[in-house]
There are 2 protein chains.
Amino acid sequence: MTLPTPLTIGVFDSGFGGLTVLRALLPLIPYAHYIYLGDTARLPYGSKSHETIARYAVSSAKFLHEQGVNLLVVACNTATALALEDIQSALPIPVIGVVEPGANAAFAASKATKNNRVIPSEAQSAESRDPRILPEAATISPKNHVLVLATAATVQSRAYTQALNALNLEACEKACPLLVPLVEEGWIDHPVTDEVLKIYLTEALAAAPAAQTLLLGCTHYPLLEPAIHRTLASIGHPLTIIDSAQATAQAVAAHPALAQRSELKTQSCLFYATDSVEKFQRLGSNFLGQPVSEVRLIDLGG
Amino acid sequence: MTLPTPLTIGVFDSGFGGLTVLRALLPLIPYAHYIYLGDTARLPYGSKSHETIARYAVSSAKFLHEQGVNLLVVACNTATALALEDIQSALPIPVIGVVEPGANAAFAASKATKNNRVIPSEAQSAESRDPRILPEAATISPKNHVLVLATAATVQSRAYTQALNALNLEACEKACPLLVPLVEEGWIDHPVTDEVLKIYLTEALAAAPAAQTLLLGCTHYPLLEPAIHRTLASIGHPLTIIDSAQATAQAVAAHPALAQRSELKTQSCLFYATDSVEKFQRLGSNFLGQPVSEVRLIDLGG
């Protein structure tokens with residue numbers, strides 16, 4: 001599929017977390033228009049049911065399409081896990097979620113760990129592989145567990161388990177409902193957060209003591225990466241950490257649809273939120289890593 | 001206003017917390033039909049803007065009125081703080097929120113503390129008092145601070161400050177965004193919750209070291225009352241704890257509209273939720289203190 005110019009990439013999340021995906025996209029695809037939608041009036045998706053999440057996600061995606069977006073990134077693990085197919089069915093443009101790229105990056109990391117070398121090109125090839133075909137089962141141990149930290153709804157969906165199993169990896173998913181509130185409280189570097197992480201990680205590792213890879217299955221969690229490294233060191237179980245936000249940005253940059261586009265010479269970002277614009281600007285800059293400039297309020301009827 | 005029989009009391013909250021108000025109502029008003037609505041698809045209200053909360057709350061209240069409710073309890077601090085007047089304007093029935101009863105109970109407790117005696121009847125009279133008239137300023141010190149723990153949106157609304165100031169009490173409101181997630185994680189009796197409470201209470205007491213009364217300004221917080229007592233003891237600052245859920249149930253029972261009703265001889269409870277019925281039943285029973293039987297799913301278009 002050839003994208004019409006100008007390249008306009010929509011990035012959608014229930015709140016601010018997807019800004020970590022946008023943050024990773026900006027240097028990788030510098031010449032594009034970006035339109036970000038945070039469905040903040042209806043967040044968090046993570047504690048809601050499949051039907052409700054699908055309804056919210058499709059209406060949000062349609063809004064972005066109406067704004068002229070010609071490639072959509074579902075930068076929300078919960079919405080990807082529960083509504084990616086609904087969104088893909090509803091829109092006539094490429095729609096990329098965060099689960100598949102995260103699983104592929106975990107595959108590459110596991111393989112690198114197994115063989116004691118990094119093979120980034122194999123992660124790329126895994127991305128376009130038919131997930132029904134198990135890759136190179138002879139060289140990857142089925143006992144190679146990947147720990148996945150995510151919201152309750154993402155875990156219940158078993159989306160990461162399915163994506164990892166398709167790559168001949170075993171998944172151990174752990175719901176971590178307190179991590180998003182802790183990030184939003186600003187307790188990024190805080191003893192309470194370290195204690196909560198210690199509890200969650202100890203429980204997860206008890207179920208998969210041989211795990212060597214940890215996949216951050218929520219776009220809020222990259223902000224906790226230093227705390228997670230610190231906690232893993234304190235419990236004596238270092239793991240390779242895969243950030244699904246970074247992995248997704250790389251998958252978007254490698255998407256075939258982008259290869260045939262006319263290059264823009266500028267970059268622009270426009271932000272929409274369904275709730276308080278002021279709060280979006282204030283909290284969002286922590287996730288984006290730079291000031292969030294223009295934010296427009298949009299009512300999606302929720 | 002005379003209520004038509006049968007007496008049907010609507011209880012509305014964004015989620016499960018309002019079930020602590022229903023739990024307090026059931027023994028106080030045993031012969032009534034109760035219809036509870038948890039707007040779980042759009043929770044939590046506490047982190048959203050005034051306009052969004054008012055829109056959600058009015059649509060929820062109208063739904064309950066359509067079900068035949070003839071007295072409505074807004075069993076949600078955030079919705080009361082930000083949307084009570086909107087709901088009262090939208091419905092032709094008595095609408096009672098949780099802020100005013102909580103403030104009145106704090107008034108009675110402060111007075112009892114000052115005079116070293118309990119005067120429950122004065123709390124009742126304070127309830128029907130014109131809030132613009134300051135009560136007995138000569139006997140109540142304006143320096144008698146009341147600590148209020150609540151969600152960010154309730155604190156930002158300053159609803160408790162206004163209600164307590166009208167009773168010649170000073171308020172020190174403290175936003176506690178992690179307490180609802182901790183309750184919903186089930187960490188009611190947990191060292192992490194004690195540590196979070198210690199941080200919040202120490203910060204609140206630093207701003208109001210002379211406080212003698214603590215008002216729980218969120219319907220989730222009664223489940224943390226033992227932990228709050230324990231934490232206050234550990235930091236050497238015991239306080240009289242006022243549970244706004246209990247205070248609200250007493251205000252409903254004392255409402256003039258109920259005095260003229262025909263007595264029912266039975267009690268019934270019907271529950272509606274805007275998201276997962278299964279989750280409502282599972283979590284709700286913790287708040288209600290008994291099994292939540294029939295829950296119906298309702299779509300309010302969010």
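Computed from a predicted model, the values in this text were never measured in an experiment.

Many analyses report the size of an interface as the accessible area lost when the parts associate. Taken together, the contacts link 30 residues of chain B with 30 residues of chain A. When chain B packs against chain A, the two sides together hide about 2,300 Å² of surface, and 56% of this comes from carbon and sulfur. Arg55(B) is paired through a salt bridge with Asp299(A); the nearest N and O atoms lie 3.7 Å apart. Within the residue set of the side of chain B that touches chain A, elements represented by two or more residues are α2 (50–66), α8 (179–184) and α9 (191–207) of chain B. At five residues, α9(B) tops the list of elements feeding residues into the side of chain B that touches chain A. Among the residues forming the side of chain B that touches chain A, the class breakdown is 13 nonpolar, nine polar and eight charged.

This part is about the packing of helix α9 (residues 191–207) of chain A against α9(B). Remark: α9(A) packs on α9(B), axes separated minimally by 10 Å, with the N-to-C direction vectors making an angle of 170 degrees. Between α9(A) and α9(B), the interaxial angle falls into the category roughly antiparallel. Of the residues in α9(B), those touching α9(A) at Val192(A), Glu195(A), Val196(A) and Ile199(A) are Val192(B), Glu195(B), Val196(B) and Ile199(B). Looking at the contact of α9(A) with α9(B) residue by residue, the classes come out as six nonpolar, no polar and two charged.

Let's shift gears to the relation of the copies chain B and chain A. For the pair chain B and chain A, the relating rotation is 180 degrees, the translation along its axis is 0.0 Å, and the fit reaches an RMSD of 0.0 Å. What the superposition gives is, in effect, a two-fold axis relating one chain to the other. Comparing interface residues between copies, 100% of those in chain B also lie at the interface in chain A; the contact surface is shared.

Looking now at the sheet that holds strand β6 (residues 170–175) of chain B. Residue and element names in this part refer to chain B. If you trace the four strands from one edge of the open sheet to the other, you get β6-β5-β7-β8, paired in parallel fashion. The sheet is open, and its two edges are formed by β6 and β8 (240–243), each paired on a single side. Across the sheet, the axes of successive neighbouring strands diverge by a mean angle of 25 degrees, strand direction being ignored.

All names here are of chain A. As summarised here, the arrangement of the four strands in space is β6-β5-β7-β8, forming an open sheet in which the pairing is parallel. With partners counted over all chains shown, the strands left at the sheet margins are β6 (170–175) and β8 (240–243), one partner each. Across this sheet, the average inter-strand angle for adjacent strands is 25 degrees, counted without regard to direction. With four bridges connecting them, strand β7 (residues 213–216) and β8 associate as parallel partners. For Leu214, the partnering residue across the bridge sits in β8 and is Ile241. Docked against the sheet, helix α11 (residues 244–253) engages β7 and β8, running at close to 55 degrees with respect to β8.

Bringing the pairing of strand β1 (residues 8–13) of chain A into the picture now. Taken residue by residue, a regular strand's side chains alternate between the two faces of the sheet. Residue and element names in this part refer to chain A. Burial within β1 is extensive, with six of its six residues counted as buried. Residues Thr8, Gly10 and Phe12 of β1 are buried on one face, and the alternating residues Ile9, Val11 and Asp13, pointing to the opposite face, are buried as well. Here six bridges tie β1 to strand β2 (residues 33–38), and the two strands are oriented parallel to one another. Across the sheet, the residue bridging to Val11 is Tyr36, located in β2. As judged from the four bridges shared by β1 and strand β3 (residues 71–74), these two strands associate in the parallel manner. Looking at the pairing, Gly10 lines up with Leu72 of β3.

Here we take up the pattern of salt bridges. Inspection of the entire model under this criterion finds 14 salt bridges over all chains. Note that Glu294(A) and Arg296(A) form a salt bridge whose closest N and O atoms lie 3.0 Å from each other. Of the charged contacts in the structure, one is a salt bridge between Asp189(B) and Arg230(B), with a shortest N-O distance of 3.1 Å. Of this pair, Asp189(B) sits in the loop between α8 and α9 while Arg230(B) sits in helix α10 (residues 225–234), placing them 41 residues apart in sequence.

Residues and elements named next belong to chain A. The share of residues in chain A with pLDDT of 70 or more is 86%, and the mean pLDDT across the chain is 86. Ranking the elements of chain A by mean pLDDT puts helix α5 (residues 120–127) last, at 41, and strand β4 (residues 95–96) first, at 98. Considering only residues more than four positions removed or in separate chains, one finds that residues 116–140, a stretch of pLDDT under 50, has 39 contacts. Across the whole predicted complex the pTM is 0.82, and at the interface the ipTM reaches 0.79.

Phi at Asn168(A) is positive, roughly 65 degrees, even though this residue is not glycine. Among the secondary structure elements, Asn168(A) is positioned in the loop between α7 (159–165) and β6. Residue class for Asn168(A) comes out buried when judged on its relative accessible area of 13%. The phi dihedral of Arg158(B) is positive, around 60 degrees, even though this residue is not glycine. For Arg158(B), the position within the fold is in the loop between α6 (152–157) and α7 (159–165). The partly exposed category is assigned to Arg158(B), whose relative accessible area is 47%.

Cut-offs and rules
- Residues numbered from 1 in each chain as written.
- Chains lettered and ligands numbered in written order.
- Predicted model: local features only at pLDDT ≥ 70, side-chain atom pairs only at ≥ 80, totals over all residues.
- Heavy atoms only, no water.
- Contact = heavy atoms within 4.5 Å.
- Buried area = accessible area lost by both parts, 1.4 Å probe.
- Salt bridge = Lys/Arg side-chain N within 4 Å of Asp/Glu carboxyl O.
- Helix = DSSP H or I, 4+ residues; strand = E, 2+ residues; numbered from the N terminus.
- Nonpolar A, V, L, I, M, F, W, Y, C, P; charged D, E, K, R; others polar.
- Axes fitted to C-alpha atoms, helices over the stretch in contact; angles between N-to-C directions.
- Parallel < 35°, antiparallel > 145°, perpendicular 65-115°, else oblique.
- Least-squares fit on C-alpha atoms with pLDDT ≥ 70 in both.
- Pairing = 2+ DSSP bridges.
- Buried < 20%, exposed > 50% of the residue type's maximum accessible area, 1.4 Å probe, protein only.
- pLDDT = per-residue confidence, 0-100.

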